[in-house]
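Topology and contacts: notes
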Amino acid sequence: LLVDKPEGMTSHDVVDAVRRLLDTRRVGHTGTLDPAATGLLVLCVGRAGRLQSFLTGLEKTYEGTMRFGVATDTYDKEGTPVGTPHPDPRPSPDAVAAACAVYVGDLQQAPPPFSAKKFLGRKFYEMARQGEAVPHLPKAVKVTRFEATRVEGDSADFHVDCSSGTYIRSLVHDVGRDL
């Protein structure tokens, strides 16, 4: 089942809604989208659940917009700004292209502190919200394409092709930090 996930819902919220609508417990998704993200969420329903493990591991494609000059604790627009805003957050298209290119290839990427990644049974965002240190647990990911498709003022649209498990928020945060 192909679902256009709206902003504000978690992937699990969508799975729960489909379970209720179809009156079945046998529903799973093939990759988590952040609550602030919109886009295609592929669900496996009923006997199609057997395909879930194969689909989850496939390469993913994302498009989005990054805004320069302000970092947040969640690495997205929903978070609380941290640090001092940049006085002139308008990088050149060449600088953005070069910064994105650094993150193409095989990488060790740590999840954002506000993510659903679990450590010792607790989600990172639960630890972060309680002011606890979130462990640095990088994992191998592969980015085959990361490019800015438009750079204008303090923002840039981008396209990413990557392995399953890649955190796009972390990529964007790292590019912003580098710039």
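This text goes with the structure placed above it.
Residues numbered from 1 in each chain as written. Predicted model: local features only at pLDDT ≥ 70, side-chain atom pairs only at ≥ 80, totals over all residues. Heavy atoms only, no water.

A short note on the packing of aromatic side chains
Two numbers describe a pair of aromatic rings. These are the distance of the centres and the angle of the planes. Summed over all chains, the structure comprises one aromatic pair. Ring plane angle 80° and centroid distance 5.9 Å describe the contact between Phe 146 and Phe 158, whose orientation is recorded as edge-to-face. Of the two residues, Phe 146 sits in strand β10 (residues 139-152) while Phe 158 sits in strand β11 (residues 155-162), which places them 12 residues apart along the sequence. Look at Phe 146 and you get buried, because its relative accessible area is 5%. With relative accessibility at 5%, the residue Phe 158 sits in the buried group. (Phe/Tyr/Trp six-rings, centres within 6.5 Å; stacked < 30°, edge-to-face > 60°. Helix = DSSP H or I, 4+ residues; strand = E, 2+ residues; numbered from the N terminus. Buried < 20%, exposed > 50% of the residue type's maximum accessible area, 1.4 Å probe, protein only.)

Observations concerning the side chain of Thr 72
Position of Thr 72 among the secondary structure elements: in strand β5 (residues 71-72). Of the residues examined, Thr 72 reaches a relative accessible area of 11% and is grouped as buried. Engagement of the side chain of Thr 72 in a polar contact is seen with the backbone nitrogen of Tyr 75, the distance being 3.1 Å. The contact partners of Thr 72, leaving out residues within four places of it in the chain, are Gly 79, Thr 80, Pro 81 and Val 82. (Polar contact = N/O pair within 3.5 Å; in protein donor to acceptor, adjacent residues only side chain to side chain. Contact = heavy atoms within 4.5 Å.)

Regarding the sheet that holds strand β2 (residues 27-29)
Pairing is antiparallel in the open sheet, where three strands are placed in the order β1-β3-β2. What marks the edges here is a single partner per strand, and that holds for β1 (2-5) and β2. The mean inter-strand angle of the sheet, taken between neighbouring strand axes irrespective of direction, is 35°. As defined by bridge partners, β2 adjoins strand β3 (residues 39-45) across three bridges and the pair is classed as antiparallel. Each residue of the ladder has a partner; that of His 29, found in β3, is Leu 43. (Pairing = 2+ DSSP bridges. Axes fitted to C-alpha atoms, helices over the stretch in contact; angles between N-to-C directions.)

Section: the pairing of β10
Two faces belong to every sheet, and in a regular strand the side chains alternate between them. As paired strands, strand β7 (residues 105-109) and β10 are joined by five bridges and run antiparallel to one another. Paired with Gly 105 across the two strands is Val 143, which belongs to β10. Bridging between β10 and β11 involves eight bridges; their strand directions are antiparallel. When the sheet's bridge partners are listed, Arg 145 is paired in β11 with Asp 161. Between β10 and β11, which pair antiparallel and follow one another directly, the connecting turn spans two residues, one of which, Gly 153, has a positive phi of 60°.

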